[in-house]
Amino acid sequence: MAFSYGFFNAKNLDRTYTAENFCDYLGSIICNGIQDNYGQCFKLTANKLKLTVGSGKAWIDGHYFLSDTPYTYDLSSYVNESLGRYLSVGICCNTGENYRKIEFEILAGTPATSPSIPRFKDTETKTYLTLCAIRIDAGATEIKVTDYRENTTYCGYVRCILGKCKVTDMLSQLAEITEQMKNYNSTILQLTNQVAELTTKVDEITGDVVSVGKCGNNINYVLYSDGKLILKGTGAMYDYTNENKSPFYDNDRIKSVVISEGVTAVGEYAFQYCNNLKTAVLPTTLKTIKRNSFMPHIDEYMVHQNLYGLTEITIPPKVTEIAKFAFSGTAIKSVTIPASVTTVGEQAFGECQKLETVRYSGKVIGDRMFVRCIKLKNFTITKSTTEIVGGCFNYCESLTLITYEGTISEWNLITKHTNWDGHSSSTVDSPLVRIQCLDGYMEYVNGEWREVHD
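Notes on the structure follow. Owing to the predicted nature of the structure, the values given are computational and were not obtained by experimental measurement.

What counts, and where the lines are drawn
Residues numbered from 1 in each chain as written. Predicted model: local features only at pLDDT ≥ 70, side-chain atom pairs only at ≥ 80, totals over all residues. Heavy atoms only, no water. Helix = DSSP H or I, 4+ residues; strand = E, 2+ residues; numbered from the N terminus. Contact = heavy atoms within 4.5 Å. Areas by Shrake-Rupley, 256 points an atom, 1.4 Å probe, with all protein chains shown as cover. Pairing = 2+ DSSP bridges. Axes fitted to C-alpha atoms, helices over the stretch in contact; angles between N-to-C directions. Buried < 20%, exposed > 50% of the residue type's maximum accessible area, 1.4 Å probe, protein only. Core = buried A, V, L, I, M, F, W, Y, C linked by side-chain atoms within 4.5 Å. Salt bridge = Lys/Arg side-chain N within 4 Å of Asp/Glu carboxyl O. Polar contact = N/O pair within 3.5 Å; in protein donor to acceptor, adjacent residues only side chain to side chain.

## Thoughts on the overall build of the protein
- Counting secondary structure elements, the protein contains five helices and 32 strands.
- Considering only intrachain contacts with a sequence separation of at least 6, the fraction spanning at least 24 residues in the protein is 50%.
- As presented, the protein carries roughly 22,000 Å² of accessible surface, and 48% of it is formed by carbon and sulfur atoms.

## Let's talk about the sheet that holds strand 28 (residues 401-404)
- Judged by pairing direction, the sheet is mixed, and its seven strands sit side by side in the order 22-24-26-28-30-31-32 without closing on themselves. In this open sheet, the two edge strands, each paired with only one partner strand, are strand 22 (334-337) and strand 32 (448-453). Each adjacent strand pair in this sheet contributes to an overall mean axis angle of 15 degrees, direction not counted.
- With four bridges connecting them, strand 22 and strand 24 (residues 357-360) associate as parallel partners. Bridging across to strand 24, Thr336 finds its partner in Arg359.

## A word on the side chain of Asn292
- Along the chain, Asn292 falls in the loop between strand 20 (288-289) and helix 4 (300-305).
- Residue classification places Asn292 among the buried positions, given a relative accessible area of 6%.
- Residues in contact with Asn292, not counting those within four places in the same chain, are Tyr269, Gln272, Lys324, Phe325 and Ala326.

## Looking at the nonpolar core
- If you look at the biggest cluster of nonpolar residues, it comprises 66 residues, and the most contacted ones within it are Leu231, Phe271, Phe349, Phe370, Phe379 and Phe393.
- Top contributing element to this core by residue count: strand 14 (residues 219-224), with three residues.
- Apart from the residues lying within four places of it in its own chain, the contact partners of Phe271 are Leu229, Leu231, Met237, Phe248, Val257, Ile259, Val266, Leu277, Ser293, Phe294 and Met295.
- Ranked by size, the runner-up nonpolar core spans 28 residues in total, among them Ala58, Tyr73, Ile134 and Ile143.

## Notes on the pattern of salt bridges
- Summed over all chains, the structure comprises 11 salt bridges.
- Arg149 is the salt-bridge partner of Asp147, the closest N and O atoms lying 2.8 Å from each other.
- Given the relative accessible area of 13%, Arg149 is considered buried.
- Between Lys290 and Asp239 there is a salt bridge, with the nearest N and O atoms lying 3.0 Å from each other. Here Asp239 lies in the loop between strand 16 (235-236) and strand 17 (256-259) and Lys290 lies in the loop between strand 20 and helix 4, a separation of 51 residues in the sequence.
- Judged by its relative accessible area of 35%, Asp239 falls in the partly exposed class.

## Quick look at the environment of Glu405
- Relative to the assigned elements, Glu405 resides in the loop between strand 28 and helix 5 (408-412).
- When its relative accessible area of 31% is taken as the criterion, Glu405 is described as partly exposed.
- Along the primary structure Glu405 and Ser384 are separated by 21 residues, whereas in three dimensions their C-alpha atoms are 9.4 Å apart.
- If near-sequence neighbours (up to four positions away) are discounted, Glu405 is found in contact with Arg359, Thr380, Ile381, Thr382, Lys383 and Leu438.
- Side chain to side chain, Glu405 and Arg359 meet in a polar contact 2.7 Å long.

## Quick notes on the sheet that holds strand 25 (residues 364-365)
- Pairing within the open sheet is parallel, and its three strands lie in the order 25-27-29. The outermost strands of the open sheet, each flanked by one partner alone, are strand 25 and strand 29 (415-416).
- As judged from the two bridges shared by strand 25 and strand 27 (residues 387-388), these two strands associate in the parallel manner. Looking across to strand 27, one finds that Ile365 is bridged to Ile388.

## Side note on the environment of Glu448
- You can see Glu448 is positioned in strand 32.
- Of the residues examined, Glu448 reaches a relative accessible area of 51% and is grouped as exposed.
- C-alpha separation for the pair Glu448 and Val433, spaced 15 residues apart in sequence, amounts to 9.7 Å.

## Describing the pairing of strand 10 (residues 126-136)
- Burial analysis of strand 10 places nine of its 11 residues in the buried class, which makes it a mostly covered element.
- Of the strand pairs in this sheet, strand 8 (residues 85-94) and strand 10 are connected by 10 bridges, and their pairing is antiparallel. Within strand 10, the position partnered with Arg85 by the bridge is Ile136.

## What to know about the pairing of strand 18 (residues 263-266)
- As paired strands, strand 16 and strand 18 are joined by two bridges and run parallel to one another. Note on strand 18: the bridge partner recorded for Gly235 is Val263.
- Both strand 18 and strand 20 contribute to a ladder of two bridges, which runs parallel. Across the sheet, Val266 pairs through a bridge with Ile289, a residue of strand 20.

Below, the structure written as structure tokens:
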């Protein structure tokens, strides 16, 4: 068990900091109370005549108090064989010159036929948070606890931004804002597609047509001399194979593609080996991106130089599946996987050797999904992700840290397959050593992941 407290002025140089002014500042923006996103928030548990106060963190007048393990009090000495009594249990911040510390305190009431609850009284140097009141009847063998942690008169939870909301309330509001941003981004994507389609209409009037045809039951395409490929229609594109090749297969004339609203699926092998295809505008109606759909031609030279294929891509917010090798080997530098994605094929973004930044909200991170993304260094996982499949970070030699937008306990609930972190690779060990969470981090030490709580 360990307590820690802080930000007190030095006396005879016994402190290495000066803190009271800073505490006054903190006290003006952080209300007194329990911090509700740390530990067990001083959870109260009674067992016969023992009271256990769980781990927690509290703020009192800008000073902090942290208990990183549960602490148990034996209250048997307070039992009166003839009369009942109450106890109050609290946290006391004592700024007196001879104290300068924060600790638990028990205030015993007077035994009586009708006992009253004793109340902590703040003084010039003492400020209290009352955690609970305890009733001990005459000759009792167990205690009765009244929890005051939610009661703002006696305790309450820390509220930030001049007392307007709790920490978890802020996180909840942040989630709502994030959801609104998703809707705004969807609107922006739709407007972007409309601009692209308006540009297309200009091309239809002024551009030279190179080829036209069908690439779906209800989808037609037009390729212009400037390298722009337009797909219009509804429903899914045709699926192609190495034998039944796409009309766009290995076509170096294609530089950009605009897929109109109404199309729901990019077909298998649709734009395979289109090495000069740099940009693709995908519709908000899209739900499926099938296997090998945007994969450029890869040989040893290209693997090391990564000169070909898409340089940027926006995955629309209704996409549920990204199939195997869909973007493998492309030259994209960043990508956001939306929460709508529930199915991912192997190596969907494998060998993307210019990829540096990923924000992942999909349900599952797939088999070897980012294998050999050698420049990948910024990876954020949201709380939408529930499963991480093996080998997804193999040979990601720049990835030392993953940021997780949840707590350590929430991170531990994610299903992780063997070698999810790349540390079990038989050839090259993974540099990934830290998972940063909201309340601490996971650290890879001596062959295993361990928790470190802030």
